[in-house]
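Report on the structure
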Amino acid sequence: MEVYLDNSATTRCFDEVAALMAQIMCEDYGNSSSLHRKGVQAEKYIRYAKDVIARNLKVNEKEIFFTSGGTEADNLAIRGCAHANCRSGRHLITTQIEHPAVLQTMKHLEEEGFRVTYLPVDKKGCIRLEDLERAVTGETILVSIMHTNNEVGSLQPVAEAGALIKRMDPRILFHVDAVQGYGKFRIYPKRLKIDLLSVSGHKIHGPKGVGFLYIDEKVKIKPIIFGGGQQNGIRSGTENVPAAAGLARAIEMVYGNLDQEVERLYQMKKAFVEGVGKIDNVVVNGHCDGTGAPHVVSVSFRGVRSEVLLHALEEKDIYVSAGSACSARKPQPSATLKAMGIEQGLLGSTIRFSFSVFTTMEEINYTLQTLYDIIPMLRKYTRR
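Residues numbered from 1 in each chain as written. Predicted model: local features only at pLDDT ≥ 70, side-chain atom pairs only at ≥ 80, totals over all residues. Heavy atoms only, no water.

Quick look at the overall build of the chain
- The helix and strand inventory of the chain stands at twelve helices and twelve strands.
- Over its C-alpha atoms the chain spans a radius of gyration of 21 Å, differing by no more than 12% from the 21 Å that the globule rule assigns to 384 residues.
- Considering only C-alpha atoms, the chain reaches an extent of 65 × 55 × 35 Å along its principal axes.
- Looking at the chain as a whole, 58% of its 384 residues are labelled buried.
- In the chain, of all internal contacts separated by at least 6 residues, the share reaching a separation of at least 24 is 74%.
- Distance between charge centres in the chain, computed from 48 positive and 44 negative side chains, equals 3 Å. (Helix = DSSP H or I, 4+ residues; strand = E, 2+ residues; numbered from the N terminus. Rg over C-alpha atoms; globule rule 2.2 N^0.38 Å. Buried < 20%, exposed > 50% of the residue type's maximum accessible area, 1.4 Å probe, protein only. Contact = heavy atoms within 4.5 Å. Lys, Arg positive; Asp, Glu negative; His and termini not counted. Charge placed at Lys NZ, Arg CZ, Asp CG, Glu CD.)

Structural data, given as C-alpha cells:
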C-alpha cells in the first residue's frame, strides 16, 4: 500500500484537471493575446477561469491576476504594495510563522529601508490581536498574515485582524496568504476586509506552476515583472492558459463538495491524533480539534530524528514531511515551532502529516500501525 501524507507540500492532480489541460495544450493551444480564432479560444479559457475564481471569492473578475504560484503572488502583493505606497510610510507588519515566500520578501524589504514588525504567536501558533494593535503605527502601510499555517495547521484570526486594521486606519492594506487555507474554507475577501489574497493551484489538486492574487480594485500596486503588459500590466508574460483553466476546474471540484469533504478530513484527523497519542513521549503541536485546519497534523516524537523517521516510513511506502517542503532540503530548525516555544529537544523530531481528498481511513490505520511498530525500534536504536 502506498500512502501519501504530504499534501501540504503538493497534491495529486485531479484526473479531470489533467485531461482538460492536455486538451488545451494539444488542441486549443493558442496564445490568449493573439487575435485569430485560436487566440480567441484561449482567451475564453482565461475568462472561464477568472469567472470561476471571482464567483468563488465573491469578487470582480478584473480583481483576479494569475501568477506562477503562491510564492510569486506573495512577492507581488508585498513588494508591489510596499513600493507603490512607500510615500505614506515604510512600516510593514507580519508574523513570525509565515511561509518563506513572505518572510524572505520582508527581509529583502528591510534591506531596502523598510521597517518590519514580526508578531509573536502563542503555544498553539496563533497571533494575539492585542500584539497586532500595538504594532500598528502612523507609518504602517501593509499587514501580511497567513490564513492557515503550513506546518502545524493553526488558523489565524483573519476576520478579527481585518476588522481591527481597518478600524485603526482604513488606508492600511491587508494581505492574506491563503495557500494552505483555500480549498478547505470559504474565504470572501471583501467580507473579511482583505485587500490582497494569495492562492496556489497545486495545493488543491490543480497544476503546479500556477496561482492567483486577488487585488482589490482600490489597491495601489506596482508590478514586479515587466514585459508585454498582459493582465493590465500588473503581471506581464504570456498567460498560462492550460494551467489557469486547470486551476479553475480544480476549484469547481473542491468547492463542489466542500462541507462533506472537510468533515471527513476532520474525522480522519481526530482518529489520527487519538491514535498517535497512544505512543509514549509524543507531542501533537498546535490545535488538535476543529479549531485548527482539517488536513494538517504536526507530531513530535521524542528521541527520534525527523529525517530518520521520514525515511523509515518511506521504506513502508508512507510519504510524509519533516517540515515545510520549501525549506526541506536545507535542514534547519523550524521557525514556526521555535516561535511557538516548542522545546529545543523536539525541534529536530517533528513530522508533518497532511491529508487530502484521496486519503482514506485505511491509509490512516496503516500509518498508525506502522508508527506503533517502528517508533520503539528507532528509539531503541537511538539509545544505543
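Concerning the pairing of strand β12 (residues 350-354)
- Across the five residues that make up β12, a large majority, five, are buried.
- Of the two faces of β12, both are covered, the one formed by Thr350, Arg352 and Ser354 as well as the one formed by Ile351 and Phe353.
- Of the strand pairs in this sheet, strand β10 (residues 296-301) and β12 are connected by five bridges, and their pairing is antiparallel. When the sheet's bridge partners are listed, Ser300 is paired in β12 with Thr350. (Pairing = 2+ DSSP bridges.)

Concerning the packing of helix α1 (residues 15-26) against helix α7 (residues 241-256)
- Look at α1 against α7: their axes get within 9 Å of each other, and the N-to-C directions meet at 155 degrees. When the interaxial angle is binned, α1 and α7 end up roughly antiparallel. For α1 against α7, the interelement crossing comes out right-handed. Of α7, the residues touching α1 (which contributes Glu16, Val17, Leu20, Met21, Ile24 and Met25) are Val241, Pro242, Ala243, Ala245, Gly246, Arg249, Ala250 and Met253. (Axes fitted to C-alpha atoms, helices over the stretch in contact; angles between N-to-C directions. Parallel < 35°, antiparallel > 145°, perpendicular 65-115°, else oblique. Left-handed = near helix turned anticlockwise from the far one by under 90°.)

A short note on the side chain of Ser356
- With respect to the helices and strands, the residue Ser356 is situated in the loop between β12 and α12 (361-383).
- We classify Ser356 as buried; its relative accessible area is 5%.
- At 3.0 Å, the side chain of Ser356 and the backbone nitrogen of Phe358 are in polar contact.
- In contact with Ser356, not counting residues within four places along its chain, are Asn7, His205, Glu261, Arg264, Leu265 and Met268. (Polar contact = N/O pair within 3.5 Å; in protein donor to acceptor, adjacent residues only side chain to side chain.)

Digging into the packing of aromatic side chains
- The final tally for this structure, using the stated rule, is six aromatic pairs.
- With a centroid separation of 5.8 Å and 85 degrees between ring planes, the pair formed by Tyr182 and Phe212 is classed as edge-to-face. Separated by 30 residues along the polypeptide, Tyr182 in the loop between β6 (173-177) and β7 (196-200) and Phe212 in strand β8 (residues 211-215) bring together distant segments of the chain. The exposure classification of Tyr182 matches that of Phe212, with both residues buried.
- When the ring of Phe272 is compared with that of Phe355, the centres are 5.9 Å apart and the planes differ by 75 degrees; the resulting orientation is edge-to-face. On the criterion of sequence distance, the pair formed by Phe272 in helix α8 (residues 258-276) and Phe355 in the loop between β12 and α12 is long-range, its members being 83 residues apart. Like Phe272, the residue Phe355 is buried in the burial classification.
- Taken together, the aromatic side chains of Phe272, Phe301, Phe353 and Phe355 make up a single cluster linked through ring pairs.
- Against the face of Phe358 rests Arg12, its NZ or CZ located 4.3 Å from the ring centre.
- The ring of Phe114 has Arg90 sitting right over it, with the charged end atom 4.1 Å from the ring centre. (Phe/Tyr/Trp six-rings, centres within 6.5 Å; stacked < 30°, edge-to-face > 60°. Lys NZ or Arg CZ within 6 Å of the ring centre and 35° of its normal.)

Comments concerning the packing of helix α2 (residues 37-57) against α7
- Contact geometry for α2 and α7: axes closest at 9 Å, N-to-C directions at 35 degrees. For the element pair α2 and α7, the recorded crossing hand is left-handed. Along the contact surface, α2 presents Ala42, Tyr45, Ile46, Tyr48, Ala49, Val52, Ile53 and Asn56, while α7 presents Val241, Ala244, Ala245, Leu247, Ala248, Arg249, Ile251, Glu252 and Tyr255.
- By residue class, the composition of the contact of α2 with α7 is 14 nonpolar, one polar and two charged. (Nonpolar A, V, L, I, M, F, W, Y, C, P; charged D, E, K, R; others polar.)

Re the environment of Leu196
- Here Leu196 lies in strand β7.
- Sequence spacing of Leu196 and Asp177 is 19 residues, and the spatial spacing of their C-alpha atoms is 8.4 Å.
- Among residues more than four places away in sequence, those in contact with Leu196 are Ala77, Cys81, Leu142, Leu173, Phe174, His175, Val176, Leu213, Tyr214, Ile215, Val219 and Ile221.

Some words on the nonpolar core
- Membership of the largest hydrophobic core comes to 68 residues, with the highest contact counts inside it found for Leu57, Leu132, Phe174, Tyr182, Leu197, Phe212 and Ile251.
- The dominant element in this core, judged by the number of residues it contributes, is α7, at ten residues. (Core = buried A, V, L, I, M, F, W, Y, C linked by side-chain atoms within 4.5 Å.)

Section: the sheet that holds strand β3 (residues 91-95)
- Spatially, β2-β8-β7-β6-β5-β3-β4 is the arrangement adopted by the seven strands of the open sheet, whose pairing is mixed. Looking at the sheet topology across the chains shown, the edges are occupied by β2 (64-67) and β4 (115-119). With direction set aside, neighbouring strand axes in the sheet form an average angle of 20 degrees.
- Packing against the sheet, helix α4 (residues 100-111) makes contact with β3, β4, β5 (140-144) and β6, and its axis sits at approximately 155 degrees to β3.

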